[in-house]
Amino acid sequence: MSTTRPCSPGDRGPEPSGASGASEGDVPADDASAAGGATAVPATPSGGRQVRRLSFDGASGVVPLARDFARQALYAWGWLPAATADRRAAAEDVLLVVSELVTNACLHAEGPERLEITCDNKVIHIEVSDRGSGQPAPRTPHRAGRPGGHGMFIVQRLCLDWGVIRVPGTAGKKVWAELGAPA
């Protein structure tokens, strides 16, 4: 399902600055205002789980911002630079899913509020929070030749699993997706 290019945008290296996120330990876990709303939470002692969070509060250009943030996380976690085509494809899949989930929040849910990416060396868990009331779902039947309506179909095809979390009594939801780590 992945598209592999000779020189993946993710293989160019970390972005020098901006909202691409902080490296592990650079930003205190409770300081959401630093690094453009990005926070890095150190790995927990049990299992090596690592978490990165990005707040979109007042941000513009949220899709490229989210992609750059995810790319920085992939560098920090050793997914990039990719040594093989399979590893490059896995990293591109993560970036594509992040783009699709954030784009869907922009188009159908008044914009995203927050992106959270978690890695435990076997699975990448992506979660996008928004205030929308709609229920994301792949369009059926899927019409490959028509513009639009491909986002959740792509997420469904690339991910191990995906879903929606709603908290009763609060507006919005979290749309999550999980992808397997490259072998």
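Residues numbered from 1 in each chain as written. Predicted model: local features only at pLDDT ≥ 70, side-chain atom pairs only at ≥ 80, totals over all residues. Heavy atoms only, no water.

Draft legend 1. Quick look at the overall build of the protein chain. Secondary structure summary: the protein chain contains three helices and six strands in total. Residues classed as buried in the protein chain amount to 44% of the 183 residues present. Sequence-distant contacts in the protein chain: of pairs separated by 6 or more residues, those separated by 24 or more amount to 59%. Split by element, the accessible area of the protein chain, about 9400 Å² in all, is 51% carbon and sulfur. (Helix = DSSP H or I, 4+ residues; strand = E, 2+ residues; numbered from the N terminus. Buried < 20%, exposed > 50% of the residue type's maximum accessible area, 1.4 Å probe, protein only. Contact = heavy atoms within 4.5 Å. Areas by Shrake-Rupley, 256 points an atom, 1.4 Å probe, with all protein chains shown as cover.)

Draft legend 2. Fine view of the confidence of the model for the protein chain. Of all residues in the protein chain, 69% attain a pLDDT of 70 or more, and the chain-wide mean is 77. Confidence drops under pLDDT 50 across residues 1-35; counting only partners more than four residues distant or on other chains, this segment forms 66 contacts. Ignoring residues within four places in sequence, the model shows residues 39-46, a span with pLDDT below 50, making 24 contacts including any to other chains. (pLDDT = per-residue confidence, 0-100.)

Draft legend 3. How the structure looks around the packing of helix H2 (residues 85-108) against helix H3 (residues 151-158). Contact geometry of H2 with H3 gives a least axis separation of 9 Å together with a crossing angle of 145°. Viewed along their axes, H2 and H3 form a crossing whose handedness is left-handed. Of H3, the residues touching H2 (which contributes Asp93, Leu96, Val97, Glu100, Leu101 and Asn104) are Gly151, Met152, Ile154, Val155 and Leu158. Grouping the constituent residues of the contact of H2 with H3 by class yields seven nonpolar, two polar and two charged. (Axes fitted to C-alpha atoms, helices over the stretch in contact; angles between N-to-C directions. Left-handed = near helix turned anticlockwise from the far one by under 90°. Nonpolar A, V, L, I, M, F, W, Y, C, P; charged D, E, K, R; others polar.)

Draft legend 4. Spatial organisation of the side chain of Thr118. Summarising the element assignment, Thr118 is placed in strand E3 (residues 112-119). Not counting the four nearest positions on each side in its chain, Thr118 is found in contact with Arg49, Gln50, Val51, Trp77, Val123, Ile124 and His125.

Draft legend 5. Quick peek at the nonpolar core. Residues Val97, Val98, Leu101, Leu115, Ile124 and Ile126 are the most contacted members of the largest nonpolar core, which totals 37 residues. If you list the elements that add at least two residues to this core, you get helix H1 (62-76), H2, E3, strand E4 (123-130), H3 and strand E6 (173-180). (Core = buried A, V, L, I, M, F, W, Y, C linked by side-chain atoms within 4.5 Å.)

Draft legend 6. Main features of the environment of Glu127. In this fold, Glu127 is placed in strand E4. Along the backbone, Glu127 and Leu101 are 26 residues apart, and their C-alpha atoms lie at a distance of 8.3 Å. When residues no more than four places from it in sequence are discounted, the contact partners of Glu127 are Arg114, Leu115, Glu116, Ile165, Lys174, Val175 and Trp176. A polar contact of 3.2 Å, which involves the side chain of Glu127, links it to the side chain of His125. (Polar contact = N/O pair within 3.5 Å; in protein donor to acceptor, adjacent residues only side chain to side chain.)

Draft legend 7. Seen up close, H3. Those residues of H3 not exposed but buried are Gly151, Met152, Val155 and Leu158. Down the axis, H3 shows its buried residues gathered within 135° of arc, on one side only. Next to the buried residues of H3 lie H2, strand E5 (161-165) and E6. (Arc of directions from axis to C-beta.)

Draft legend 8. Structural detail: the pairing of E6. Two elements, E4 and E6, share eight bridges in a ladder whose sense is antiparallel. Across the sheet, the residue bridging to Val123 is Gly180, located in E6. Both E5 and E6 contribute to a ladder of five bridges, which runs antiparallel. Paired with Asp161 across the two strands is Glu178, which belongs to E6. (Pairing = 2+ DSSP bridges.)

Draft legend 9. Here's a closer look at the pattern of salt bridges. Taken as a whole, this structure holds six salt bridges when the rule is applied. Here Asp68 and Arg71 are joined by a salt bridge, their closest N and O atoms 2.8 Å apart. In this pair, Asp68 and Arg71 are both assigned in helix H1, three residues apart and thus about one turn of the helix distant. As a salt-bridge pair, Asp130 and Lys173 come within 2.9 Å of each other at their nearest N and O atoms. Taken as a pair, Asp130 in strand E4 and Lys173 in strand E6 lie far apart in primary sequence, 43 residues in all. Each member of the pair, Asp130 as well as Lys173, is classed as buried. Via salt bridges that share partners, Arg53, Arg114 and Glu116 belong to a single interconnected network. (Salt bridge = Lys/Arg side-chain N within 4 Å of Asp/Glu carboxyl O.)

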